[in-house]
Amino acid sequence: MHQTAFRIGDMDIAWYGICLAVGFMLGLWTAGRRGMRIGLNAEDISNLMIWMFIGGVVGGKALFLINHWEEFQNSKNSMQMLRSGWVFHGSLIGACIGIWIFIRRKGMPLWATFDALAPSFALGHAIGRIGCFMNGCCFGKTCELPWAVQFPAGTMPHSHHLSIEIIEPTAKLSAFVHPSQMYEFILNIMFYAFLAWLFRRRKFDGQIFAAYLLGYAVIRFGIEFARADDRGWLWFSSLTSGQGISILLLGLGAFIWWKLKDQPMPDLEDKSEKPEEA
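An account of the accompanying structure is given in this report. Only a predicted model underlies this, so the values are computations on that prediction, with no experimental measurement involved.

## A few points about helix α7 (residues 156-163)
Then step 1. Along α7, the positions that sit buried rather than exposed are Pro 157, His 158 and His 161. The buried side chains of α7 occupy one side of the element, clustering within an arc of 100° when seen end-on.
Then step 2. Two residues or fewer after α7 comes Glu 165, characterised by a positive phi angle close to 60°.

Given below as structure tokens:
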């Protein structure tokens, strides 16, 4: 794995940033096409994604600080730590707040808009996990499985294994670990395909967003068992923060589904202009 994709002069262009950008653009494109199918304005979707991006950045950094506050206070290079730190659950919460603010300002249908966006959350997250894999963050526990991977010196897994003394100080590679990032990539791609399929068959506004919360909560709760990176303080001395928040998202998804399932769905579709499925 190589963290740097290429260089422009003295500036390194990292795979992590490239994957985040590609995931965002693919999410924007697919969400826009789904939105047009149900009568949403494509320009509104594009502008909404800007609010989502800002909310995601703020939320991801904020939850990272909450989870690592003591470490952040004691760090000699706290700004570097803040620049590199990120928590997806925080990004999801922040993005949803940004989306809600924009929807209220523009008078867009709340749950229909979230339905159009929800599959793209899974798609963008999947592409982002490739960046995590190339960067070496969000790494897995040691294992001896045939598909286990090693990371080179200078990456987070290698540094972690040096600190717990399971590799020699001169080792050029980490110990073998679960490719947890790729597990999540595969599961999120499959989840995206399912949500895109379900979107064409939805029975009520909010169904796809609720399904996303339910499905991602299960995916993330399970993936946490394979991860070894530091994710902050534990809930009830046993659950990682990711698992704790996943339980809350599971409850929220179930509540939204129960609350909205019997409400009639307005016919917003523009029958004269239906783009291909995304």
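Picking up where we left off.
## Observations concerning the pattern of salt bridges
Two side chains of opposite charge can pair, provided their charged atoms sit close to one another.
Then step 1. Scanning the model with the defined rule gives eight salt bridges in all.
Then step 2. Of the charged contacts in the structure, one is a salt bridge between Arg 202 and Asp 115, with a shortest N-O distance of 2.9 Å. In this pair, Arg 202 sits in the loop between α8 (180-199) and α9 (207-223) while Asp 115 sits in helix α6 (residues 110-135), placing the two residues 87 residues apart along the sequence. Asp 115 carries the same exposure label as Arg 202, and that label is buried.
Then step 3. Across the pair Arg 129 and Glu 184 runs a salt bridge whose closest N-O atoms are separated by 3.0 Å. Pair noted here: Arg 129 is in helix α6 and Glu 184 is in helix α8, with a separation of 55 residues, a long-range link.

## Section: the pairing of strand β1 (residues 4-8)
Successive residues of a regular strand alternate their side chains across the two faces of the sheet.
Then step 1. With four bridges connecting them, β1 and strand β2 (residues 11-14) associate as antiparallel partners. Of the residues in β2, the one forming a bridge with Phe 6 is Ile 13.
Then step 2. As consecutive antiparallel partners, β1 and β2 are separated by two residues, and within that stretch Gly 9 has a phi angle of approximately 65°, a positive value.

## Section: the nonpolar core
Then step 1. The biggest cluster of nonpolar side chains holds 50 residues, and the ones touching the most others in it are Ile 99, Phe 121, Phe 209 and Tyr 212.
Then step 2. Where this core is concerned, the elements lending two or more residues are α1 (15-37), α2 (42-67), α5 (88-106), α6, α8, α9 and α10 (241-260).
Then step 3. Ranked by the residues each element gives to this core, the list is headed by α9, at 10 residues.
Then step 4. Phe 121 has contacts with Met 52, Leu 92, Cys 96, Ile 99, Phe 209 and Tyr 212, leaving out every residue within four places of it along the chain.
Then step 5. Ranked by size, the runner-up nonpolar core spans five residues in total, among them Phe 133, Met 134, Phe 151 and Val 177.

Calculation criteria
- Within every chain, residues take consecutive numbers counted from 1 along the sequence as written.
- Per-residue local features are limited, in this predicted model, to residues with pLDDT of at least 70; the limit for side-chain atom pairs, both in listing and counting, is 80 or more; totals at the level of whole chains, interfaces and linings are taken over all residues.
- Side-chain numbers come from the whole structure's heavy atoms, not from hydrogens or water.
- The cut-offs for exposure are 20% and 50% of the maximum accessible area for each residue type, with area from a 1.4 Å probe on protein chains only; residues under the lower value are buried, those over the upper are exposed, and the others partly exposed.
- Helix numbering and strand numbering both begin at the N terminus, where a helix is a DSSP run of H or I of at least 4 residues and a strand a DSSP run of E of at least 2.
- Relevant arc is that of directions from the helix axis to the C-beta atoms, nothing else.
- A carboxyl oxygen of Asp or Glu within 4 Å of a side-chain nitrogen of Lys or Arg is what we treat as a salt bridge.
- A pair of strands counts as paired when DSSP detects no fewer than two bridges linking them.
- Residues grouped as a nonpolar core are buried Ala, Val, Leu, Ile, Met, Phe, Trp, Tyr and Cys residues, joined through side-chain atoms within 4.5 Å.
- Contacts are assigned to residue pairs that have any heavy atoms within 4.5 Å of one another.

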